[in-house]
Amino acid sequence: MPRIAYFGPQGTFTEQAALRFEGELVPADTIQLAIAALRKGETEFACVPIENSVEGAVPATLDALVRDEPVVAVAETVLDVRFSVLVRPGTTEIKTIASHPHALAQVREWIAAELPGATSIATSSTAAAAAAVERGEFDAAVTAPVAINHYALEEFAVDVLDVADARTRFLLLRQPGQLPEPTGADRTSVVVTTPDRMGVLSELLTELALRGINLTGLESRPTKGKLGEYRFYIDVEGHIAEPRIGDALAALHRHSREIRFLGSFPKADHGPVEAHNDEFAAAAAWVDAVRKGERG
Ligand SMILES: O=C(O)C(=O)Cc1ccccc1
């Protein structure tokens, strides 16, 4: 059975996501350590959160994907997110409430309404907050519902959420190798660093638009070099095996100072992708025939 390093410890949302893939789950304390286990070959896969419908991208994942040796996504999964607030049995007063920053951000209004005056404290993960509450370091933890099964705590509140229908998307990563087969409902992800000149981002996006490629995500992160220098994370619908996607990525390569392929994999919603692949194939066949002198 393959091993999957996941952003743990036990009881995180990422563990819930990783359980949907087949493998032996190996907890890591941070996103960076989960991906490092994969890079070192200690596991065949790593499972990490990439974005949330309320709080947006997970910066630690974006940064870890471009550091060190390349890793690629081969699958994604989307979890509905609802939070539990866990406390030590017998707790009567909550002065401190701890969790992962993405979790705290999604229950900010609930905390203000239900626990006015409580101080929010960031921990490395939701489950790490539960472990810290168990040790007596904080009064309450905002966690995944399953955390109750792993820590000697009780539920102070369940189904806590400021915004209904919150979702988080997770990636299954591995070292570069054979790509997943195209399914007709895929996503491709790349990260580019652009040269410092006017209009370069719009050139990148035009290359996609000209080929009828649907952009599903665009994030920027500082390169951590010069102030004002960014990396752009670009997600599109389609698979690199499709000529129009391959062509567009080649164009992005021409416009970039650096480019890193982050994967082509089936979209979690399996929603159909408008691809116009037949039109692109017919056009390429026509050019081929013209070159051979067979067509005008
Ligand atoms: O800390 C966790 O449990 C995670 O897996 C990260 C996270 C935090 C909040 C919402 C979704 C994922």
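Everything discussed here concerns the structure shown above.
Since we're looking at a predicted model, the values are computed, not measured.

Caption draft 1: Seen up close, the layout of surface pockets. Here the largest pocket is characterised by a volume of approximately 200 Å³. Taken together, 18 residues line the largest pocket, and the ones lying closest to its centre are I50, L62, R169, E219 and D235. Secondary-structure elements contributing two or more residues to the lining of the largest pocket are β3 (45-52), α3 (59-66), β11 (167-174), β12 (186-193), β13 (215-222), β14 (230-237) and β15 (258-266). By residue number, the principal contributor to the lining of the largest pocket is β13, which donates four residues. Broken down by class, the residue content of the lining of the largest pocket amounts to 10 nonpolar, three polar and five charged. Here the second largest pocket defines a volume of roughly 170 Å³. A breakdown of the residues in the lining of the second largest pocket according to their chemical character gives five nonpolar, two polar and five charged.

Caption draft 2: Region of interest: the sheet that holds strand β8 (residues 119-122). Taken in spatial order, the five strands line up as β8-β7-β9-β6-β10 in an open sheet, and their pairing is mixed. With partners counted over all chains shown, the strands left at the sheet margins are β8 and β10 (154-160), one partner each. Averaged over all adjacent pairs, the angle separating strand axes in this sheet is 25°, with direction ignored. Looking at chain direction, strand β7 (residues 96-99) and β8 are connected through four bridges and run parallel.

Caption draft 3: Just the pattern of salt bridges, in detail. All chains considered together, the criterion is met by 20 salt bridges. We note a salt bridge from D80 to R167, for which the minimum N-O separation is 2.7 Å. Here D80 is found in strand β5 (residues 72-80), whereas its partner R167 is found in strand β11, with 87 residues between them in sequence. Its relative accessible area of 39% is what places R167 among the partly exposed residues. Note that R135 is salt-bridged to E137, the shortest N-O span being 2.6 Å. With relative accessibility at 55%, the residue R135 sits in the exposed group. Residue classification places E137 among the partly exposed positions, given a relative accessible area of 43%. Shared partners join several salt bridges into a network, and the residues in it are E51, E76, R169, R187 and D235.

Cut-offs and rules
Residues numbered from 1 in each chain as written. Predicted model: local features only at pLDDT ≥ 70, side-chain atom pairs only at ≥ 80, totals over all residues. Heavy atoms only, no water. 1 Å grid on protein atoms, 1.4 Å probe; cavity = no way out; pocket = protein on both sides within 12 Å on 5 of 7 lines; lining within 4 Å. Points joined across faces, edges and corners; volume = space filled by probe spheres on them. Helix = DSSP H or I, 4+ residues; strand = E, 2+ residues; numbered from the N terminus. Nonpolar A, V, L, I, M, F, W, Y, C, P; charged D, E, K, R; others polar. Pairing = 2+ DSSP bridges. Axes fitted to C-alpha atoms, helices over the stretch in contact; angles between N-to-C directions. Salt bridge = Lys/Arg side-chain N within 4 Å of Asp/Glu carboxyl O. Buried < 20%, exposed > 50% of the residue type's maximum accessible area, 1.4 Å probe, protein only.

Note that all results are geometric; they support no functional claim without further evidence.
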